[in-house]
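Descriptive analysis of the structure
Chain by chain, the residues:
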Amino acid sequence: MRVLIIGCGYVGLPVGAELSRLGHEVFGLTRSGHSGPALQERGIRPLAGDITRRAELDGLPGPFDWVVNTVSSNKGGLEDYRQIYLEGLRHVLQWLEASPPKKLVHTSSTSVYGQTDGSMVKESSPAEPRSELGQVLLAAERLLLEATLTQKIPAVILRAAGIYGPGRGHLFLQYLKDEARIPGRGERLVNMIHRDDLAACILTALKSGRPGEIYNASDDEPVPQIHFFRWLSETLGKNMPPFVREDEAAPRKRAITNKKVSNRKLRMELGCPLRYPTFRQGYTAEIQRLQDAGEL
Ligand SMILES: NC(=O)c1ccc[n+]([C@@H]2O[C@H](COP(=O)([O-])OP(=O)(O)OC[C@H]3O[C@@H](n4cnc5c(N)ncnc54)[C@H](OP(=O)(O)O)[C@@H]3O)[C@@H](O)[C@H]2O)c1
């Protein structure tokens, strides 16, 4: 297969590396091109281009059999978000119209679920995002579902939970820097997925994801914050973070939600095995990595 990874960053790079290892011809698009050597090292042909500029897509060496969209706007405000996730995606879909891929896999986010009552959310649960950012992600999903119906671009959507792995993991990094705080009694649930498991799910979705379907990509155990920090504290022999009132917690870009994300469909229908079924396995590996590197 000729594969294009749009946004070949933290998640896209291991996806591309594995596809290349399996013998596919893989191209990785980034905006800056700074990561070119890292991509080449993993067998990925680097391309630089900005999907928010429609004309730049015409220069890409298509057509492609598979397209993965893991583009992300980590910095910037709502307008950047809209430009990248929505307008950028619109451009990609327009550009693909001329020669549609056999499959397009897109990473969305579980932040499209606005539930705050700790309930279980599955793909058929209402997706009513509480944040404007979540609304942008939901609008992007709708564009893809529409394209699947009308343009025959077979898109599969993975709604990823909080991604962690080598060098990443918001709460963990805050904890290591002594900047973590536990709001209220720490009962709010956190849903996570290890980067390598998400990458494996993307590969499975390319091969066997059903077009027009949405799958939650989360691990087996939504965990209350307090349990997460207690495990870290016991594992690392380090104090628990201080408790603060709910309203004292640092303002966040994403709205505060409280839900258990079900991965049943990912597990049973898509058949994704998880190497790190809970944060315990994933963070045991990350702690080991940091200790081996002398960073912990
Ligand atoms: N972080 C989380 O916990 C989380 C949770 C749920 C879902 N997700 C989703 O997971 C996916 C993967 O995220 P990630 O952590 O791998 O992101 P990342 O490491 O920040 O990588 C994003 C990539 O997108 C590229 N990019 C950004 N703007 C672009 C543009 N306008 N045109 C072309 N390329 C552009 C970046 O290139 P440069 O490096 O050159 O800028 C980079 O290669 C994203 O869809 C994200 O929304 C993340």
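In this report, the structure presented in the accompanying data block is examined. Fair warning: this is a prediction, and the values are worked out from it, not measured in the lab.

Tracing the sequence through the fold places M120 in strand β6 (residues 119–121). Residue class for M120 comes out exposed when judged on its relative accessible area of 52%. Separated by 53 residues in sequence, M120 and L173 have C-alpha atoms that sit 27 Å apart.

Before going further, it helps to spend a moment on unusual backbone geometry. For the bond running from G62 to P63, omega is -5°, close enough to zero to count as cis. With respect to the element layout, P63 can be found in the loop between α3 (54–57) and β4 (66–69). Backbone geometry at D178 places phi at a positive 60°, although glycine is not the residue there. Within the secondary structure, D178 is located in the loop between α6 (170–176) and β9 (182–183).

With that settled, consider the nonpolar core. Counting residues in each nonpolar core, the largest one holds 37 residues, and the members touching the most others are L4, I6, L93 and L104. For this core, the elements supplying multiple residues, two or more each, are β1 (2–6), β2 (25–30), α4 (78–96), α5 (132–150) and β7 (155–160). At nine residues, α4 tops the list of elements feeding residues into this core. For I6, the contacting residues outside a window of four places in its chain are L29, I51, V67, V68, N69, T70, V71 and V92.

The environment of the ligand is formed by 26 residues, the closest being S32, D50, N74, Y85 and R168. T107 is positioned with one of its side-chain polar atoms (N or O) 2.8 Å from an oxygen atom of the ligand. A distance of 2.9 Å separates an oxygen atom of the ligand from a polar atom in the backbone of I163. Protein chains shield 86% of the accessible area of the ligand, which is 930 Å² for the free molecule.

Here we take up the sheet that holds β1. The sheet built from seven strands is open, its strands ordered β3-β2-β1-β4-β5-β7-β12 with parallel pairing. The open sheet has two edge strands with one neighbour each: β3 (45–48) and β12 (214–217). Direction aside, neighbouring strands of the sheet carry axes that sit 20° apart on average. Pairing of β2 with β3 involves four bridges; the strand directions are parallel. Residue G28 lies in a different strand from β3, and its bridge partner there is P46. The sheet contacts of helix α7 (residues 195–208) involve β4, β5 (103–109), β7 and β12, and relative to β5 the element is tilted by about 145°.

Moving on: the environment of P100. Tracing the backbone through its elements, the reader meets P100 in the loop between α4 and β5. It is 9.1 Å that separates the C-alpha atoms of P100 and W66, two residues lying 34 residues apart in sequence. Ignoring sequence-local partners within four residues, the contact set of P100 consists of Q151, K152 and I153.

Calculation rules
- Residues numbered from 1 in each chain as written.
- Predicted model: local features only at pLDDT ≥ 70, side-chain atom pairs only at ≥ 80, totals over all residues.
- Heavy atoms only, no water.
- Helix = DSSP H or I, 4+ residues; strand = E, 2+ residues; numbered from the N terminus.
- Buried < 20%, exposed > 50% of the residue type's maximum accessible area, 1.4 Å probe, protein only.
- Core = buried A, V, L, I, M, F, W, Y, C linked by side-chain atoms within 4.5 Å.
- Contact = heavy atoms within 4.5 Å.
- Near = heavy atom within 4 Å.
- Polar contact = N/O pair within 3.5 Å; in protein donor to acceptor, adjacent residues only side chain to side chain.
- Areas by Shrake-Rupley, 256 points an atom, 1.4 Å probe, with all protein chains shown as cover.
- Pairing = 2+ DSSP bridges.
- Axes fitted to C-alpha atoms, helices over the stretch in contact; angles between N-to-C directions.

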